[in-house]
Amino acid sequence: EQHAISMIAGITQNGGKPIFATHSTFYQRAYDQIEQELCINRCPATMIVTHASVLGHTNVTHVGLLDMALLGNIPGLTYLAPTNKEEYMAMLDWSIEQRQGPVAIRVPWHGVFHTSELVDTDYSQVQYRVTQRGNQVAILALGGFYQLGESVAALLEERTDIRPTLINPRFITGLDAETLASLEEGHDLVVTLEDGILSGGFGSKIAQFYGTSPIKVLCKGFGMDIPVSYSPAALMERDRLTKEQIVEDITGLLDR
């Protein structure tokens, strides 16, 4: 992995557009090369991150839950989280053509989903996509957890008559400050859903953004205490990531 990252950095310096793909856990071995060789030099290479999910490898040595905390905090890297096939292909096409710097794409691992809507073709600026406008509660459902976000939104509306705002963040790195600031009007609670560890992950950035705001933030993801081996369904239930548990936690916060 270290040699592969160094090689694609060199290829970009000679005008090539390399694509490197491997499991999320293996990028940990090349952290220094990604930061020092790709990102500092703004090499426009593409990294495909596979098995990055609770549904990836179900053991602690190959767990696919650490990548967002690792890669999501490297300056100069654009880390994207598509939610369906069309979005993934658009991000891949853009990453191959762009010249601004290295791009990583987190392949959704919860099945192949499709959309009939037009997807964006330019990801040079951090911009979240609001897919459902509501009030009181906003759900930011990242990457492979977007479909979980849809289920949570539907169940919350069914049980409480609250129609939440639903957002596809698309970007693991960077913040869409304009969209986040707009949620302070008409919303009491922002919920983040991520298929990764909470510590240093996507939700922690959102919570930091709202640190001085009266708006509440509920971050839903996985704890650091990952078992040696696990059942994905059992781990999601343990960390209260079923749609029923998430709605219970949302309504519990709203009642306070």
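The structure this text deals with has already been given above.
Residues numbered from 1 in each chain as written. Predicted model: local features only at pLDDT ≥ 70, side-chain atom pairs only at ≥ 80, totals over all residues. Heavy atoms only, no water.

A. Region of interest: the layout of surface pockets. Considering only enclosed or pocket space, the largest pocket measures out at about 240 Å³ in volume. At 3 residues, helix α6 (residues 146-160) tops the list of elements feeding residues into the lining of the largest pocket. By residue class, the composition of the lining of the largest pocket is 4 nonpolar, 7 polar and 4 charged. (1 Å grid on protein atoms, 1.4 Å probe; cavity = no way out; pocket = protein on both sides within 12 Å on 5 of 7 lines; lining within 4 Å. Points joined across faces, edges and corners; volume = space filled by probe spheres on them. Helix = DSSP H or I, 4+ residues; strand = E, 2+ residues; numbered from the N terminus. Nonpolar A, V, L, I, M, F, W, Y, C, P; charged D, E, K, R; others polar.)

B. Region of interest: the packing of aromatic side chains. Tallied over the entire structure, the rule returns 6 aromatic pairs. Aromatic pair Phe145 and Phe222: ring centres 6.4 Å apart, planes at 50°, arrangement tilted. In this pair, Phe145 is assigned in the loop between β6 (136-141) and α6 and Phe222 in strand β9 (residues 216-222), connecting sequence segments 77 residues apart. As far as the burial class goes, Phe145 and Phe222 line up, both buried. Following the ring pairs from residue to residue traces out a cluster consisting of Trp94, Tyr123 and Phe171. (Phe/Tyr/Trp six-rings, centres within 6.5 Å; stacked < 30°, edge-to-face > 60°. Buried < 20%, exposed > 50% of the residue type's maximum accessible area, 1.4 Å probe, protein only.)

C. Focus on the pattern of salt bridges. Taken as a whole and assessed by the stated rule, the structure comprises 10 salt bridges. A salt bridge links Arg29 to Glu1, with the shortest nitrogen-to-oxygen separation between them at 3.4 Å. Taken as a pair, Arg29 in the loop between α2 (24-27) and α3 (31-39) and Glu1 in the segment before α1 (2-13) lie far apart in primary sequence, 28 residues in all. Assessed through its relative accessible area of 45%, Arg29 is described here as partly exposed. The exposure class of Glu1 is partly exposed, given its relative accessible area of 26%. A salt bridge links Arg240 to Glu248; the shortest N-O distance between them is 3.0 Å. Using a relative accessible area of 30% as the deciding quantity, one classes Arg240 as partly exposed. Several salt bridges share partner residues, and in doing so they unite Lys220, Arg240, Glu248 and Asp249 into one network. (Salt bridge = Lys/Arg side-chain N within 4 Å of Asp/Glu carboxyl O.)

D. Quick peek at empty space enclosed by the protein. Applying the stated criterion across every chain, the model contains 1 cavity of 30 Å³ or more. If you add up the space inside the largest cavity, you get close to 50 Å³. Looking at the largest cavity, the residues that line it are Ala52, Ala81, Pro82, Arg106, Val107, Pro108, Trp109, His110, Leu142, Gly143, Gly144 and Asp195. Tallied by class, the residues present in the lining of the largest cavity amount to 7 nonpolar, 3 polar and 2 charged.

E. Local environment of the sheet that holds strand β3 (residues 78-80). Here we have 4 strands laid out as an open sheet, ordered β1-β2-β4-β3, and parallel in their pairing. Looking at the sheet topology across the chains shown, the edges are occupied by β1 (19-23) and β3. Within the sheet, the average angular offset between the axes of one strand and its neighbour, ignoring direction, is 20°. Bridge analysis of β3 against strand β4 (residues 103-106) gives 3 bridges, and the strand direction is parallel. Residue pairing for β4: Tyr79 is matched across the bridge by Ala104. Helix-sheet contacts for helix α5 (residues 85-97) involve β1, β2 (46-50), β3 and β4, and the interaxial angle to β4 is about 165°. (Pairing = 2+ DSSP bridges. Axes fitted to C-alpha atoms, helices over the stretch in contact; angles between N-to-C directions. Contact = heavy atoms within 4.5 Å.)

F. Spotlight on the packing of α1 against α3. Where α1 contacts α3, the axes come no closer than 9 Å and their chain directions differ by 10°. One element, α1, and the other, α3, form an angle in the roughly parallel class. Between α1 and α3, the residues in contact are Gln2, Ile5, Ser6, Ile8 and Ala9 and Gln33, Ile34, Glu37 and Leu38, respectively. For the contact of α1 with α3, a count of residues per class yields 5 nonpolar, 3 polar and 1 charged. (Parallel < 35°, antiparallel > 145°, perpendicular 65-115°, else oblique.)

Any link to function would need more than the numbers given here.
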